[in-house]
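Close look at the chain arrangement
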Amino acid sequence: MPNNARVFIIDDDAAVRDSLAFLLSTSGFAVTAFETAEHFLEALPRLGFGCVVTDIRMPQIDGIELLKRLKATAADLPVIVMTGHGDVPLAVEAMKLGALDFMEKPFEDERLINVLQAAFEQSSKATKVAADASELAARLASLSPRERQVMNGLVAGLSNKAIAKEYDISPRTVEVYRANVMMKMHAGSISELVRQAIRSGALID
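A few points on the structure. Since the structure is predicted, the reported quantities are computational estimates derived from the model, not experimental observations.

Basis of the calculations
- Residues numbered from 1 in each chain as written.
- Predicted model: local features only at pLDDT ≥ 70, side-chain atom pairs only at ≥ 80, totals over all residues.
- Heavy atoms only, no water.
- Core = buried A, V, L, I, M, F, W, Y, C linked by side-chain atoms within 4.5 Å.
- Buried < 20%, exposed > 50% of the residue type's maximum accessible area, 1.4 Å probe, protein only.
- Helix = DSSP H or I, 4+ residues; strand = E, 2+ residues; numbered from the N terminus.
- Contact = heavy atoms within 4.5 Å.
- Pairing = 2+ DSSP bridges.
- Axes fitted to C-alpha atoms, helices over the stretch in contact; angles between N-to-C directions.
- Salt bridge = Lys/Arg side-chain N within 4 Å of Asp/Glu carboxyl O.
- Patch = residues over 30% accessible without salt bridge, like charges linked within 9 Å, V, L, I, M, F, W, Y side chains within 5 Å.
- Areas by Shrake-Rupley, 256 points an atom, 1.4 Å probe, with all protein chains shown as cover.
- Lys, Arg positive; Asp, Glu negative; His and termini not counted.
- Charge placed at Lys NZ, Arg CZ, Asp CG, Glu CD.
- Phe/Tyr/Trp six-rings, centres within 6.5 Å; stacked < 30°, edge-to-face > 60°.
- Right-handed = clockwise from strand over helix to strand, strands pointing away.
- Expected span 1.5 Å × (residues − 1).
- Arc of directions from axis to C-beta.

Looking now at the nonpolar core. Membership of the largest hydrophobic core comes to 22 residues, with the highest contact counts inside it found for Ile10 and Phe40. Of all the secondary-structure elements, those providing two or more residues to this core are strand 1 (6-10), helix 2 (37-47), helix 3 (63-72) and strand 4 (79-83). In terms of residues, this core owes the most to one element, helix 2, which gives five residues. Those residues in contact with Ile10 that sit more than four places away from it in its chain are Phe34, Thr36, Ala37, Phe40, Val52, Val53, Thr54, Asp55, Met58, Leu66 and Met82. In terms of nonpolar packing, the next biggest core, distinct from the first, is built from 19 residues, Leu20, Leu23, Phe107 and Leu116 among them.

The following block contains the structure:
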């Protein structure tokens, strides 16, 4: 879990807000509490990434409506919904709207902390995967059309001579393009280049 992972608590009950804020802040989270979903949505553009812990039953904008609005604004924040006894149907609706999990009150402190930690770890992995994919796409985009052709030949297992014959260029020229491809793709071996091509879906032009 990243240090000072941010948690946004939304609950119209001051005692619940204070209790959760104390629990989570002493557990290493950076906590911001909101009395209403309206106040949270107003502050949202300035908040950055964090995990939302919201009550399901609140005046005006309740937890369900909050999820709908977050979905409409494409705010990619993990949301954990707190529900009272008998609110399971609402919790199911919340999950369908993208809530990560729901917690029935009263819940154990440790369970909430574990769910939050899992949410941040999952988000961290997803962010890394997205960053890796973006970096790989940038490497591919840096290749010239001829370098892409040579790369395709290499990952298909063709020799320099076969690639040269395929594209009517000299083997020496293929060697130059091959070196360029390996450098631009940050590949230390053909097997690594093949793995990158598979991950990017670039095996065939």
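Our focus in this paragraph is the sheet that holds strand 1. Spatial strand order, 2-1-3-4-5: five strands in an open sheet with parallel pairing. Single-partner strands in this sheet number two, and they are strand 2 (30-34) and strand 5 (101-104). The mean angle between the axes of side-by-side strands here comes to 20°, regardless of whether they run parallel or antiparallel. Set on the sheet, helix 4 (residues 88-96) makes contact with strand 4 and strand 5; between it and strand 5 the angle comes to about 160°.

With that settled, the discussion passes to the pattern of salt bridges. The tally for this structure, following the rule as stated, stands at seven salt bridges. Arg69 serves as the salt-bridge partner of Glu65, at 3.0 Å between the closest nitrogen and oxygen. You can see Glu65 and its partner Arg69 sitting in helix 3, four residues apart, about one turn around the helix. Given the relative accessible area of 28%, Glu65 is considered partly exposed. Here Asp101 and Arg111 are joined by a salt bridge, their closest N and O atoms 3.7 Å apart. Of this pair, Asp101 sits in strand 5 while Arg111 is found in helix 5 (residues 109-141), placing the two residues 10 residues apart along the sequence. One continuous salt-bridge network, built from bridges that share partners, spans Asp11, Asp55 and Lys105.

The next point concerns a negative patch on the surface. Together, Asp12, Asp13, Asp18 and Glu35 make up a region of like negative charge exposed at the surface. Topologically, Asp12 is positioned in the loop between strand 1 and helix 1 (14-25).

Here we take up the packing of aromatic side chains. What describes a pair of aromatic rings is the distance from one ring centre to the other and the angle between the planes of the rings. What the rule picks out here adds up to four aromatic pairs. Centroid distance Phe8 to Phe40: 5.9 Å. Interplanar angle 45°. Geometry classified as tilted. Residue Phe8 is found in strand 1, and its partner Phe40 is found in helix 2; the two are separated by 32 residues along the sequence. This pair shows no difference in class: Phe8 is buried, exactly as Phe40 is.

On to the pairing of strand 3 (residues 51-55). With five of five residues buried, strand 3 lies mostly within the body of the structure. Of the two faces of strand 3, the one holding Cys51, Val53 and Asp55 and the one holding Val52 and Thr54 are both buried throughout. When strand 1 meets strand 3, the two strands line up parallel, connected through four bridges. Paired with Ile9 across the two strands is Val53, which belongs to strand 3. A crossover connection joins strand 3 to the parallel strand 4 through helix 3; in handedness this β-α-β unit is right-handed.

Taking 1.5 Å of rise per residue, the 12 residues of helix 1 would be expected to cover 16 Å, and the 16 Å separating its terminal C-alpha atoms lies within 8% of that figure. Along helix 1, the positions that sit buried rather than exposed are Arg17, Leu20, Leu23 and Leu24. Buried residues of helix 1 fall within an arc of 140° about the axis and therefore sit on the same side. Those residues of helix 1 that are exposed and aimed more than 90 degrees away from the buried face are Ala15, Asp18 and Phe22.

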